[in-house]
Amino acid sequence: MVTRLILVGLLSLCSPSSSQECNRALVENMDFPGSDIISLYSPDVKHCQLLCTQHPSCSFFTFVCDWTTDAWHFYCYLKSTPSGQPNTQTPMQGATSGFSLKACNLDQKPCLSEVYQNVDFPGADYRFLFTADSEECQRVCTQDPACQFFTFAQENFSDKKIRYKCHLKFSWNVARTPIIVRKAGATSGFSHKVHQTEYFDKECQRKLFPSTDIPGNDFLSLPAVSPEHCQILCSAHPRCTYFTHNRNSFSCYLKNNPDEMVTSATEAGTSGLPHRSCQLDGNWATVAHEGIDFKGSDIRDEAADNAEACQRKCTEDPHCQFYTYVTSWHRCFLKRVITMPAPPKVTKVTNASSGFSLKNCF
Ligand SMILES: *[C@@H]1O[C@H](CO)[C@@H](O)[C@H](O)[C@H]1NC(C)=O
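Residues numbered from 1 in each chain as written. Predicted model: local features only at pLDDT ≥ 70, side-chain atom pairs only at ≥ 80, totals over all residues. Heavy atoms only, no water.

A few words now on the overall build of the chain. Within the chain, the secondary structure is distributed over 5 helices and 20 strands. Computed over the C-alpha atoms, the radius of gyration of the chain is 23 Å, within 12% of the 21 Å expected from 2.2 N^0.38 for a compact globule of 362 residues. When the backbone C-alpha atoms are referred to their principal axes, the chain occupies close to 80 × 65 × 40 Å. Looking at the chain residue by residue over its 362 residues, the buried ones come to 47%. Contacts in the chain between residues at least 24 apart in sequence constitute 73% of all its contacts with a sequence separation of at least 6. With the model as given, the accessible surface of the chain reaches about 18200 Å², and the carbon-plus-sulfur share is 53%. Taking the 34 positively charged and 36 negatively charged side chains of the chain as two groups, their mean positions are separated by 1 Å. (Helix = DSSP H or I, 4+ residues; strand = E, 2+ residues; numbered from the N terminus. Rg over C-alpha atoms; globule rule 2.2 N^0.38 Å. Buried < 20%, exposed > 50% of the residue type's maximum accessible area, 1.4 Å probe, protein only. Contact = heavy atoms within 4.5 Å. Areas by Shrake-Rupley, 256 points an atom, 1.4 Å probe, with all protein chains shown as cover. Lys, Arg positive; Asp, Glu negative; His and termini not counted. Charge placed at Lys NZ, Arg CZ, Asp CG, Glu CD.)

Before going further, it helps to spend a moment on empty space enclosed by the protein. In this approach a probe as big as a water molecule rolls over the atoms, and the regions it shows empty are the leftover space. Under the counting rule described, the total for this entry stands at 1 cavity of 30 Å³ or more. There is about 50 Å³ of room inside the largest cavity. As for the largest cavity, its lining consists of Leu 50, Thr 53, Gln 54, Leu 106, Asp 107, Gln 108, His 319 and Arg 336. In terms of residue class, the lining of the largest cavity is made up of 2 nonpolar, 4 polar and 2 charged. (1 Å grid on protein atoms, 1.4 Å probe; cavity = no way out; pocket = protein on both sides within 12 Å on 5 of 7 lines; lining within 4 Å. Points joined across faces, edges and corners; volume = space filled by probe spheres on them. Nonpolar A, V, L, I, M, F, W, Y, C, P; charged D, E, K, R; others polar.)

Our next topic: the packing of aromatic side chains. Inspection of the entire model under this criterion finds 17 aromatic pairs. For the pair Phe 63 and Phe 74, a centre-to-centre distance of 6.4 Å together with 15° between the ring planes defines the contact as stacked. You can see Phe 63 sitting in strand S3 (residues 60-68) and its partner Phe 74 sitting in strand S4 (residues 71-79), a full 11 residues away along the chain. Overall, Phe 63 belongs to the buried group, its relative accessible area being 10%. According to the relative accessible area criterion, Phe 74 is buried, its value standing at 11%. Each ring, one from Phe 294 and one from Phe 322, has its centre 5.8 Å from the other, and the planes form 80°; the classification is edge-to-face. Of this pair, Phe 294 sits in strand S16 (residues 289-295) while Phe 322 sits in strand S18 (residues 322-326); the two residues are 28 residues apart in sequence, bridging distant segments of the chain. (Phe/Tyr/Trp six-rings, centres within 6.5 Å; stacked < 30°, edge-to-face > 60°.)

Moving on: the side chain of His 73. Among the secondary structure elements, His 73 is positioned in strand S4. What His 73 contacts, discounting residues up to four positions off in sequence, is Tyr 41, Val 64, Cys 65, Asp 66, Thr 68, Lys 345, Val 346 and Thr 347.

The next thing to look at is the confidence of the model for the chain. When pLDDT is averaged along the chain, the result is 91; 92% of the residues meet or exceed 70. Predicted confidence for residues 1-18 stays below pLDDT 50, and this span has 1 contact to residues more than four positions away or in other chains. (pLDDT = per-residue confidence, 0-100.)

Below, the discussion takes up the nonpolar core. Within the largest apolar cluster, 38 residues are counted, with the highest numbers of intra-cluster contacts made by Leu 168, Trp 172, Phe 190, Leu 233, Leu 254 and Phe 294. At the level of secondary structure, the elements contributing two or more residues to this core comprise helix H3 (134-143), strand S8 (149-153), strand S9 (165-169), strand S10 (179-190), helix H4 (227-236), strand S14 (251-255) and S16. Broken down by element, this core gets its largest block of residues, 5 residues, from H4. Among the domains, domain 2 (115-172 + 340-361) and domain 3 (179-335) are the pair contributing at least three residues each to this core. Residues Leu 51, Ala 95, Leu 112 and Met 340 belong to the second largest nonpolar core, which totals 24 residues. (Core = buried A, V, L, I, M, F, W, Y, C linked by side-chain atoms within 4.5 Å. Domains from an automatic or database assignment.)

Every regular strand shows the same layout, with side chains that alternate between the two sheet faces. Counted residue by residue, strand S13 (residues 242-246) has 4 buried out of 5 residues, so it is predominantly covered. When S13 meets S14, the two strands line up antiparallel, connected through 5 bridges. The partner of Asn 246 across the bridge, within S14, is Ser 251. Hairpin connection, S13 to S14: the antiparallel pair is bridged by 4 residues, and Phe 250 has positive phi, about 55°. In terms of strand pairing, S13 meets strand S15 (residues 264-272) through 4 bridges, oriented antiparallel. Bridge assignment links Phe 243 to a residue of S15, and that residue is Gly 272. (Pairing = 2+ DSSP bridges.)

Following this line, the structure appears as C-alpha cells:
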C-alpha cells in the first residue's frame, strides 16, 4: 500500500503538467531558452506574464534586463512549444521565467498600479503637460480616456528644460485584426462581449459618410473589416480626427487634422467621425462577414457545426476577441491580440518615472 502511494506520487510528479493548468509559479534566475514567438518590452515580470497571457499563442516567457547598444532595456520574450512546456531550462542570473495565465480565470483588464522609478517608456506620446509630481501625472493619465501609460521627468532630471514634464502615452486597447483576406468558405466575426467597454449615458450617433473619401492627413493605416470597425479604431486613438475605410483593401486610414475636413466622392470608400464620450452600441460586432478570413492570431481551434456556433464559442471564451470559421473543415478558430497597456520600449533612465493608467483599478 505504501509503495503504491509512493508510486502514484512519483507518477504525478513526473507526468508533464498540461498547458491547460493554471501555473502561477515564477522561476527566478532561470532562462527558458529558444521557442521564441516575439520579444516585447515590459517593466517587470508581472507585466511580462500578463503580456504572455494576452498573446494568442504564448505559453511561457523569460523576462530579462539587458544592455543593448546605448541603454538598459527590459525584455519580455514570449515563447511557445506544442506541449506548452519549455524544452530546456538554463540557469541565468537576473532572468525570471514563468507561464501564461490563460487557464487562471484572470481579469481581462488588469489593474497595473506600480510606478517604476528610473524607468522610461519612450515613444507613443500624444499629449504633454507639466505636473507637480508623478502621482498627478498618473491621475491625469487615469482620467484621460486615451491614456494607457505615462513617463514623468522628475525635479532632478538631467535635461532641465523638461523637468516636471508629464508625457501621456497610448497603446491599442481595442481588438485589431492584423490580417484580413478574402477566402471562399470562411466566415469571420467578433466576440459579442468585446468593445462594450465605455460607460456613458448617451448612445453614440453613428456618423458615417458613404461613398466619401477624406484625402490626405493619414497618420496610420491598419486593417478593418468594415467602416464600423474602422470607426472603433479611430475612436480609440487620441490623434484620430476622422477616418476613411476602403472596402476593397480593408484599409482603415486614420487621419489627423483638427482644423478642417475636406471630402470628395469615391466608389470604394466610407468615411466617418470617431465616437467621443458616448456609449458604443455593439451591433456592428454581431455581423458575420462571409468570404473573409481573419488570418493568424489563433488561440486554438475546435470543431463546430457552423459559423453561428463558432461565434457563440468566441463570445463565451473570455480570451476570444474575434474568430474565423472554415466551413469545409468544420473548424472554428478562436483569435485575439494583446489589448493591455504595452509600452513600445522600456529603458532605464535616471530620475524619470513611468507607470500605467489606473482606469482598471476601481
Ligand atoms: C538624479 O537625481 C539625483 C538626486 O537629485 C542627482 O544627484 C543626479 O545627478 C540625477 N541624475 C541624472 C542623470 O539626472
